[in-house]
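Chain by chain, the residues run as shown.
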Amino acid sequence: MKNTMIKSCLAGLLAVSVAGNVMAQDEPKAKSLEQLLEMVKQGKVLESKEHRQREAEFRQAKSDQQAKLAEAKRIKAAEERRSAQLEAKYEEQERTVQEKRATLQQRLGSLDELFGHLTSQAGDTREVLKNSIVSAQPGLNSRHEFLDVLIEKMNSATQIPELEEIEQLWYEMQREIVESGKVVAFTAPVLKNDGEKAQETVVRIGNYNLVNEAGDYLYITEKGEIAELGRQPQGYQGGAAALASSTDGYTRVGIDPTGAKGGSFLSAIINMPKFSERLHQGGYIGYAIMGLGAFALLLALFRFLVLFATSGKVTAQIKSQKANPNNPLGRVMKVAEDNPGIDTESLELKLEEAILKERPAIESGLNLLKVIYMIAPLMGLLGTVGGMIQTFQAITIYGTGDPSTMAEGISSALVTTMQGLCVAIPTMLLYTLVSGRSKRVLHVLDEQSAGIIARNSERK
C-alpha cells in the first residue's frame, strides 16, 4: 500500500509538471520512476533560478523608477522656482509697460483724439476705395492697401504713423474726388455672360458706371472683377456706345447716380419687363385675348378690302346703264330689268327684297367685330380678378414683408386688363370703319332703288 501511495504521488507530480510546462517533442522521456523523480527535481531547480533572476530584475526596475521619480521631483521644484521668478518678472514688466503707456498718453495729449478721428476716416476711406469703380482701373486697384498699415499703426500702442502716411490719406481722398469727375478709357479683362474673359476697352464714367465699346453696361463683382451685366437696360446702350467711340465734345449717355456699382435706378430699369414679357405675364387668358385681337384685326382688314372692292364696283355700276351681276347694285338693277312692265308697288317690293338679299353679305363680320370689342375688356377683367386672387393668396401665405413682391403681383394681374383694352379699342375703331363702308354701299343701293322706282312711276 505504501508503494501504491508513492506511485500515486509521483503520478500527480508528473501531471503537474506536464500541465505547468509544455515539453518539446524532442525532450527525453523518463523510463523509470527514479528518472522521473530526478527530472522533476531538476525542473524545480531551474524554476528557482528563473524566479531569483526575475526578482533581481524587479528590484533593479524599482530602483530605477525611484531614481527617475526623484529626478522628476527635482525638476518640478526647479521649474516651480523658475515660474515664480518669471511671474515676478512679468509683473515688474507689466508695471513698466503701464508707466510707459501713461507717459505716452501724457506726451500725445490732443494727438490721441486726432488719431481716433484719423482711424475712423481711414477706415471709411478704405471702404470707399474698395467699392469704388475707380479702383477697377489698372494702376488704381491697390491704392487702399497702405490704409491697412496706417490703421494698424494708429491702433497700436507702440507705433506712431508718419506724416507722409497721413498726407497720403489726404491725397487719396482728394484723388477719389477728382477721378469721380473724369471719363477714362482703359483696357481690362471683362467677364462675359458665357463665363469667358476677353480683353476689351472699358470706359469709366466718373464713379458711376462702366461701359464697353459695344454699349454694354458693366459692373464690379465681389471678387473685384469687371463683368458684363446679365441684362442690359433697354434704350441706353446707344448712348453708351457713342460715348465709348467719341474722342472729344459732349455725348448724351445714361448713368446711374444712385450707386457706384450701378445702384437702384439701373437695377429698376434692368428688372423692368419688356413688352414681350408683359404679354406673357397675362397667362392663358392673355394669350386668348391676343388671339382674339389678331383674329379681329384680320377679319376687319379682310372685310374692309372686300367692301372697298365692292364699293368700287358699285361706283362703276352707277356710271353704267347696263346691269352687271358682279356687284350688289348690278344685281338690284337686274331685278328691275327683268320686270319691265310691273307696277310700282310690286317693283318696290321686289327691289327691297333684292336689297335685303344683299345686306347679309355686305354686313358680314360686323356683328362678330362688335362682340369682340365688347368681350375683350371683360376677358381682361376676368384675368385681373384671377391674378388678384393669386396675389392675395400669396400674401396670406408669405405675408407683406416685401411690398415690391406684392406690387409685382398686382402689376402682373393688371396686364390682362391692359391687353383687353388694347384689343377692344382698335377693334372698335375697325368696326366703325368697316361699318361705315358697309353703310355707304347700302345707302347707294337704297338711293339707286328709289331712283328706279321713281322712273318707273313716271313711265306709268
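Caption draft 1: Quick look at the pairing of strand β1 (residues 183-191). Two strands pair when backbone bridges link them, and β1 and strand β2 (residues 197-205) are joined in this way by 9 bridges, in the antiparallel orientation. Residue pairing in the sheet places T187 in a bridge with T201 of β2. Between β1 and the antiparallel strand that follows it, β2, lie 5 residues; G195 among them carries a positive phi value of about 95°. One ladder, built from 2 bridges, connects β1 with strand β5 (residues 226-228); its direction is parallel. Counted as the bridge partner of V190 is I226 from β5.

Caption draft 2: Representation of the packing of aromatic side chains. Overall, the coordinates contain 3 aromatic pairs when judged by the stated rule. Centre to centre, the rings of Y284 and Y287 are 6.5 Å apart; their planes meet at 85°, and the pair counts as edge-to-face. With Y284 and Y287 both in helix α9 (residues 283-318), this residue pair falls 3 residues apart, about one helical turn. On the basis of relative accessible area, Y284 is assigned to the exposed category, the value being 77%. Ring geometry for Y373 versus Y431: centroids 5.7 Å apart, planes at 50°, classification tilted. Residue Y373 is located in helix α12 (residues 366-398), and its partner Y431 is located in helix α14 (residues 415-459); the two are separated by 58 residues in the primary sequence. Here Y373 and Y431 have matching classes, each one buried.

Caption draft 3: Broad picture of the pattern of salt bridges. Inspection of every chain in the model, using the stated rule, returns 16 salt bridges. Here R143 and E176 are joined by a salt bridge, their closest N and O atoms 2.6 Å apart. Of this pair, R143 sits in the loop between α3 (111-131) and α4 (145-155) while E176 sits in helix α5 (residues 163-179), and the two are 33 residues apart along the sequence. Just as R143 is buried, E176 falls in that class too. Between K182 and E179 there is a salt bridge, and its shortest N-O distance comes to 3.6 Å. Salt bridges here are not isolated pairs; linked through shared partners, they connect E179, K182 and R204.

Caption draft 4: View of α4. Of all the positions in α4, only F146, L147, L150, I151, K153 and M154 are classed as buried. Down the axis, α4 shows its buried residues gathered within 160° of arc, on one side only. In α4, the exposed positions angled more than 90 degrees off the buried face are occupied by E152 and N155.

Caption draft 5: Quick look at the environment of E213. Among the structural elements, E213 can be located in the loop between β3 (209-212) and β4 (217-220). What makes E213 exposed here is its relative accessible area of 51%. The sequence separation of E213 and S245 amounts to 32 residues, and the corresponding C-alpha distance is 6.6 Å. Non-local contacts of E213, meaning those with residues more than four positions away in its chain, are made with T201, A241 and A244.

Caption draft 6: Molecular detail of the side chain of T310. Of note, T310 is situated in helix α9. By relative accessible area, T310 is classed as buried at 17%. For T310, the residues in contact, after removing those within four places along its chain, are P328 and V441.

Caption draft 7: The sheet that holds β1, seen in detail. The 5 strands are arranged β1-β2-β3-β4-β5 in a closed barrel whose pairing can be described as mixed. Adjacent strand axes in the sheet meet at a mean angle of 50°, parallel and antiparallel pairs treated alike.

Caption draft 8: Structural detail: the layout of surface pockets. The space that makes up the second largest pocket amounts to roughly 360 Å³. In terms of lining residues, the second largest pocket is bounded by 22 residues, among which S135, A136, I220, G224 and E225 are the most central. The set of elements that each furnish at least two residues to the lining of the second largest pocket consists of α3 and β1. Per-element tally for the lining of the second largest pocket: the top contributor is β1, with 4 residues. In terms of residue class, the lining of the second largest pocket is built from 9 nonpolar, 7 polar and 6 charged.

Caption draft 9: Here's a closer look at a nonpolar patch on the surface. Residues V371, M374, I375 and L378 make up a contiguous nonpolar surface patch of about 360 Å² in total accessible area. Mapped onto the fold, I375 is located in helix α12.

Caption draft 10: Looking closely at helix α11 (residues 344-362). The terminal C-alpha atoms of α11 lie 26 Å apart, and with 19 residues this matches the ideal 27 Å at 1.5 Å per residue to within 8%. Turning to α11, its buried residues are L347, L351, A354, I355, E358 and I362. All buried residues of α11 project into a common sector of 100° when viewed along the axis, lining one side. Pointing more than 90 degrees away from the buried face of α11 are the exposed residues E345, L349, L356, K357 and P360. Buried-residue contacts for α11 involve α9, α10 (328-338) and α14. Its side-chain oxygen 3.3 Å from the backbone nitrogen of E345, D343 forms the N-cap of α11.

Caption draft 11: View of the confidence of the model for the chain. Of the residues in the chain, 84% reach a pLDDT of 70 or more, and the chain-wide mean stands at 80. Put simply, helix α1 (residues 2-20) is where the chain has its lowest mean pLDDT, 43, and α9 is where it has its highest, 90. Counted against residues more than four places away or in other chains, residues 1-27, with its pLDDT under 50, gives 9 contacts.

Caption draft 12: Seen up close, the side chain of R143. On the basis of relative accessibility, which here comes to 5%, the residue R143 falls in the buried class. A polar side-chain atom of R143 sits 3.2 Å from the main-chain carbonyl oxygen of L140. Excluding anything up to four places from it in sequence, R143 contacts L129, S132, V134, S135, E172, R175 and E176.

Quick notes on the rules
Residues numbered from 1 in each chain as written. Predicted model: local features only at pLDDT ≥ 70, side-chain atom pairs only at ≥ 80, totals over all residues. Heavy atoms only, no water. Pairing = 2+ DSSP bridges. Helix = DSSP H or I, 4+ residues; strand = E, 2+ residues; numbered from the N terminus. Phe/Tyr/Trp six-rings, centres within 6.5 Å; stacked < 30°, edge-to-face > 60°. Buried < 20%, exposed > 50% of the residue type's maximum accessible area, 1.4 Å probe, protein only. Salt bridge = Lys/Arg side-chain N within 4 Å of Asp/Glu carboxyl O. Arc of directions from axis to C-beta. Contact = heavy atoms within 4.5 Å. Axes fitted to C-alpha atoms, helices over the stretch in contact; angles between N-to-C directions. 1 Å grid on protein atoms, 1.4 Å probe; cavity = no way out; pocket = protein on both sides within 12 Å on 5 of 7 lines; lining within 4 Å. Points joined across faces, edges and corners; volume = space filled by probe spheres on them. Nonpolar A, V, L, I, M, F, W, Y, C, P; charged D, E, K, R; others polar. Patch = residues over 30% accessible without salt bridge, like charges linked within 9 Å, V, L, I, M, F, W, Y side chains within 5 Å. Areas by Shrake-Rupley, 256 points an atom, 1.4 Å probe, with all protein chains shown as cover. Expected span 1.5 Å × (residues − 1). Polar contact = N/O pair within 3.5 Å; in protein donor to acceptor, adjacent residues only side chain to side chain. pLDDT = per-residue confidence, 0-100.

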